[in-house]
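If you want the building blocks of each chain, they are given just below.
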Amino acid sequence: FRQVIGQNHVKKALEIAVEASFAEQKRLDDVLLCGPPGLGKTGLVTVLQHELALPSMTTVLAQSVTNTAELNSVLLSATEGLLFLDEVHLLSGHAQHSLLKILDTRTIDISTGKSVTSIPVAPFTLVAATTDPDGIIAPLVDRFRLVLHLDFYDEGELAQIVRQRLVAMGWGFEPNLPVEIARRAKQTPRIALRLLSSCRRWQMAEGGEQLTVDHLRRACEV
């Protein structure tokens, strides 16, 4: 979590939840991450996986689940650990009600004609992300023990994110480049990193030992 820039209130809540999970030796409480696109919800889930020392997690895009049978298949295939359900608001209302029931009972009822068989699901933690919390039925939102809202970033945080990526990639750059990118990034890390990629393409096309503000300006003009 120390490597994550910004979203301090979200990081603190997740840190406390992880510590409680280890102290009580039980699975992490279910988590719902809310916020506009590009703020790093998926990245936070990856960090959470590492903090929990999990070798892998199951990731599902909600728009790929078109009916209850597919939802059941997803939940039955999930292993102990994290199940990341992205854009959960894109599940149909019926699927959301089914998910709520399964989370409450930790079983899936399968009809075999004259009888119904209850199949237990693995003791996974559901981590869901959404850009539209209003698209989720209220009982399902209430089911999550942690409902966390991500904020837009200030320019200082965005500049720090860009600088972190530049150092990680080993790219030379003018000292004021991260600040200039942050000013243009609409408070969103995804846009800042996209601008950095555009700047890098200009630098590679034109040559030069480092990325410059001039590269950035010409990339933005194009």
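Below is a summary of the structure that appears in this document. (Residues numbered from 1 in each chain as written. Predicted model: local features only at pLDDT ≥ 70, side-chain atom pairs only at ≥ 80, totals over all residues. Heavy atoms only, no water.)

Re the packing of aromatic side chains
Link 1 in the chain: Under the counting rule described, the total for this entry stands at 0 aromatic pairs.
Link 2 in the chain: Taking the ring centre of F124 as reference, the NZ or CZ of R106 above it sits at 4.9 Å. (Phe/Tyr/Trp six-rings, centres within 6.5 Å; stacked < 30°, edge-to-face > 60°. Lys NZ or Arg CZ within 6 Å of the ring centre and 35° of its normal.)

Section: helix α1 (residues 8-24)
Link 1 in the chain: The terminal C-alpha atoms of α1, which comprises 17 residues, lie 24 Å apart, in line with the 24 Å expected from a rise of 1.5 Å per residue.
Link 2 in the chain: What α1 keeps buried is the set V10, K11, L14, A17, V18 and S21. Axial view of α1: buried residues confined to an arc of 130 degrees, hence all on one face. Within α1, the exposed residues directed more than 90 degrees away from the buried face are N8, E19 and A23.
Link 3 in the chain: Against the buried residues of α1 lie β1 (31-34), α2 (41-51) and β7 (146-149).
Link 4 in the chain: The first or second residue beyond α1 is Q25, which carries a positive phi of 55 degrees. (Helix = DSSP H or I, 4+ residues; strand = E, 2+ residues; numbered from the N terminus. Expected span 1.5 Å × (residues − 1). Buried < 20%, exposed > 50% of the residue type's maximum accessible area, 1.4 Å probe, protein only. Arc of directions from axis to C-beta. Contact = heavy atoms within 4.5 Å.)

Section: the environment of A192
Link 1 in the chain: As for its position among the elements, A192 is in helix α8 (residues 189-206).
Link 2 in the chain: On the basis of relative accessibility, which here comes to 0%, the residue A192 falls in the buried class.
Link 3 in the chain: Placed 138 residues apart in sequence, A192 and L54 show a C-alpha to C-alpha distance of 30 Å.

What to know about the packing of helix α6 (residues 155-169) against helix α7 (residues 177-184)
Link 1 in the chain: The contact between α6 and α7 brings their axes to 8 Å, and the two run at 130 degrees. Taken together, the axes of α6 and α7 are oblique relative to one another. Viewed along their axes, α6 and α7 form a crossing whose handedness is right-handed. Here E155, L158, A159, V162, R163 and L166 of α6 lie close against α7, whose contacting residues are P178, V179, I181, A182 and R183. (Axes fitted to C-alpha atoms, helices over the stretch in contact; angles between N-to-C directions. Parallel < 35°, antiparallel > 145°, perpendicular 65-115°, else oblique. Left-handed = near helix turned anticlockwise from the far one by under 90°.)

A few points about the sheet that holds strand β2 (residues 58-61)
Link 1 in the chain: Strand order across the open sheet formed by 5 strands is β2-β3-β6-β1-β7, with parallel pairing between neighbours. In this open sheet, the two strands that pair with only one neighbour each are β2 and β7. For this sheet, the mean angle separating the axes of adjacent strands, direction not counted, is 15 degrees.
Link 2 in the chain: Bridge count between β1 and β7: 4 bridges; the pairing is parallel. Paired with V31 across the bridge in β7 is L146.
Link 3 in the chain: Helix-sheet contacts for α2 involve β1, β3 (82-86) and β6 (125-130), and the interaxial angle to β3 is about 180 degrees. (Pairing = 2+ DSSP bridges.)

Some thoughts on the pattern of salt bridges
Link 1 in the chain: Under the defined criterion, the tally for this structure stands at 11 salt bridges.
Link 2 in the chain: Between D104 and R143 there is a salt bridge, with the nearest N and O atoms lying 2.9 Å from each other. Placement of the pair is D104 in helix α4 (residues 93-105) and R143 in helix α5 (residues 138-143), with a sequence separation of 39 residues.
Link 3 in the chain: When its relative accessible area of 53% is taken as the criterion, D104 is described as exposed.
Link 4 in the chain: Look at the salt bridges and you will find they share partners, linking R27, D30, D104, R106 and R143 into a network. (Salt bridge = Lys/Arg side-chain N within 4 Å of Asp/Glu carboxyl O.)

Overview of the nonpolar core
Link 1 in the chain: In this structure, V31, L33, L48, V127, I181 and L196 are the most contacted members of the largest nonpolar core, which totals 41 residues.
Link 2 in the chain: Each residue touching I181, except ones within four places of it in the same chain, is listed here: V162, A192, L195, L196 and L216.
Link 3 in the chain: Grouped together as the second largest cluster of nonpolar side chains are 28 residues, C34, V74, A128 and L140 included. (Core = buried A, V, L, I, M, F, W, Y, C linked by side-chain atoms within 4.5 Å.)

Re the side chain of S21
Link 1 in the chain: Among the structural elements, S21 can be located in helix α1.
Link 2 in the chain: Excluding anything up to four places from it in sequence, S21 contacts K26, R27 and L28.

As for unusual backbone geometry
Link 1 in the chain: Notably, Q25 is not glycine yet its phi reads approximately 55 degrees, a positive angle.
Link 2 in the chain: Positionally, Q25 belongs in the loop between α1 and β1.
Link 3 in the chain: Phi at A53 takes a positive value of approximately 60 degrees, unusual for a residue other than glycine.
Link 4 in the chain: In this structure A53 comes out as exposed when scored by relative accessible area, which is 61%.

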